Every structure is written in C-alpha cells, then in structure tokens.
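One letter stands for each residue in the lines below.
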Amino acid sequence: MIRMIQEVFGEYDDYHCVGLSESFEKSMNPILKYHPDILFINVDQQCCNGSPYSFCKEVQEFSGKEILFVALSVEMLKAYMAIKNKFYDFLLKPGEEAELRKTALGILLNKERENSEKTICLKSYKDYTLIKTNDIIYLEADNNTTDFVLCDNRRISAFKTLKTFEDALSENFVRIHHKYIVNSKYISKISFGKQICILSTKTKDISPRCSSFPKGGRR
C-alpha cells in the first residue's frame, strides 16, 4: 500500500514524500526535522510507548503546526478510534486507488478553500480595507509601504513593509525579488534567462518590473 500511496500522491505537484519508517520510535526524529503536512499511520502496528494515537498526539504537540493524520488498517472497526482521535481520514488496507485519490483531492480542495476564504486587513491613512488573499496577484515594496495589486485591477497601499506581509501570508506567496512577493497561483511563466516572471489572470498578463531574481528566497 505504501507504493500505491507514493504513486497516487506523486501525481500531484503539491505532494512530496519526505520519508518512510517501519517503527514509531525511528520516525519521530525525521517527523520533527521535516515537519510534514500529512502523516499516514499504520494503526495496526504496536508502539512501545503507548498506542499509535498517543504517538500522534505527541507529534502534534511538538510539531508546531497542524498535521493531517490518515489511519491505515486491515480492520474497519478501527475507523471509529481514528475518528475519535480526530484523524483526517481512514483507509482500509490493502487499499484502493480510487479511495487514495479521493483523499489526495479532498486535502487539496480543503486547502484551496481555506486560502480563498482567508482575508487580510490593510490600513492606509484612516481607511481599513479587507481583501481576500486569493485575490492578490502580487505585492510591491515602495520604501516603507507596500502596494497590493489585485485581480480586479485595484492597487491598494498599506503602511507596512514588504517583510511584514511576507511573514504573514500563506505558503503560496513567494518572494522572487527584494521588491516583489507574488501569488504562485497566478504564475504562468518564469524565464531565468530573461529574468522575467509572467503572472496571468483571466483578463491579462502581468510582468512585475524585476531587474533580477534572487539566488535564494522563500519557496
């Protein structure tokens, strides 16, 4: 079933396998090192320090982020315990490709829904503007202020630095230049040779005026 999970989830660019482990004890260190978003747990396997569910609670306690747990078992009755322990999903071994695909797509759809519903409050002079982060195409630094360029052609200024918003925005926002943060959802083309990043909406293409790409940056 492990191979099937890797193959199905590997079809989507949003997923990347960071490790496998045959025991709970050996898996703790890489989990805390790589901070995965999803953990597939074989709840039929014994854990020397308690139940698989107590292991998951310990992982959640030290991870510093919300993790989605997916239970794997040969017994359908164990689905009840998975639900009681707030697991995201339960998959019956040896597993079916269609069920795995539902889990993969369900997680992506939930993430997209959360991003589209998230809002940010911008202060400019005496005005406060609430905008959906999903509507932001890119952010442009202008000294100690930041301009937000939105998909409805609006440009809104906020009296905070670009760095402030870089730390507050979700993972799909990428800093490509010291002046720009772009919403990766709108990236349609990147040319490192010409040092151009093209952002596309339904009505137009946009190319922020970048003189160069950074060597590093948030991804």
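Predicted model only: the values in this text are computed from it and were never measured.

Some thoughts on the pairing of strand S12 (residues 196-200)
Argument step 1. Side-chain alternation along S12 places Cys197 and Leu199 on a buried face and Ile196, Ile198 and Ser200 on a face that remains uncovered.
Argument step 2. Bridge count for strand S11 (residues 187-191) against S12 is 4 bridges, and the pairing is antiparallel. Looking at S12, one finds that Lys189 is bridged to Ile198.

Examining the sheet that holds strand S3 (residues 89-92)
Argument step 1. Ordered by their spatial adjacency, 3 strands build an open sheet running S1-S2-S3, and the pairing between neighbours is parallel. The open sheet terminates on both sides in strands that have one partner only, identified here as strand S1 (38-42) and S3. Pairwise comparison of adjacent strand axes, ignoring direction, gives a mean angle of 25° for this sheet.
Argument step 2. The pairing of strand S2 (residues 68-73) with S3 spans 4 bridges and is parallel. Note on S3: the bridge partner recorded for Leu72 is Leu91.

Focus on the sheet that holds strand S8 (residues 155-158)
Argument step 1. Strand order in the open sheet formed by 5 strands is S8-S7-S6-S10-S9, with antiparallel pairing between adjacent strands. The sheet is open, and its two edges are formed by S8 and strand S9 (173-177), each paired on a single side. Strand-to-strand twist across the sheet, computed as the mean angle between neighbouring axes with direction ignored, equals 20°.
Argument step 2. Bridge count between strand S6 (residues 136-142) and strand S7 (residues 145-150): 6 bridges; the pairing is antiparallel. Looking across to S7, one finds that Glu140 is bridged to Asp147.

The rules we used
Residues numbered from 1 in each chain as written. Predicted model: local features only at pLDDT ≥ 70, side-chain atom pairs only at ≥ 80, totals over all residues. Heavy atoms only, no water. Buried < 20%, exposed > 50% of the residue type's maximum accessible area, 1.4 Å probe, protein only. Helix = DSSP H or I, 4+ residues; strand = E, 2+ residues; numbered from the N terminus. Pairing = 2+ DSSP bridges. Axes fitted to C-alpha atoms, helices over the stretch in contact; angles between N-to-C directions.

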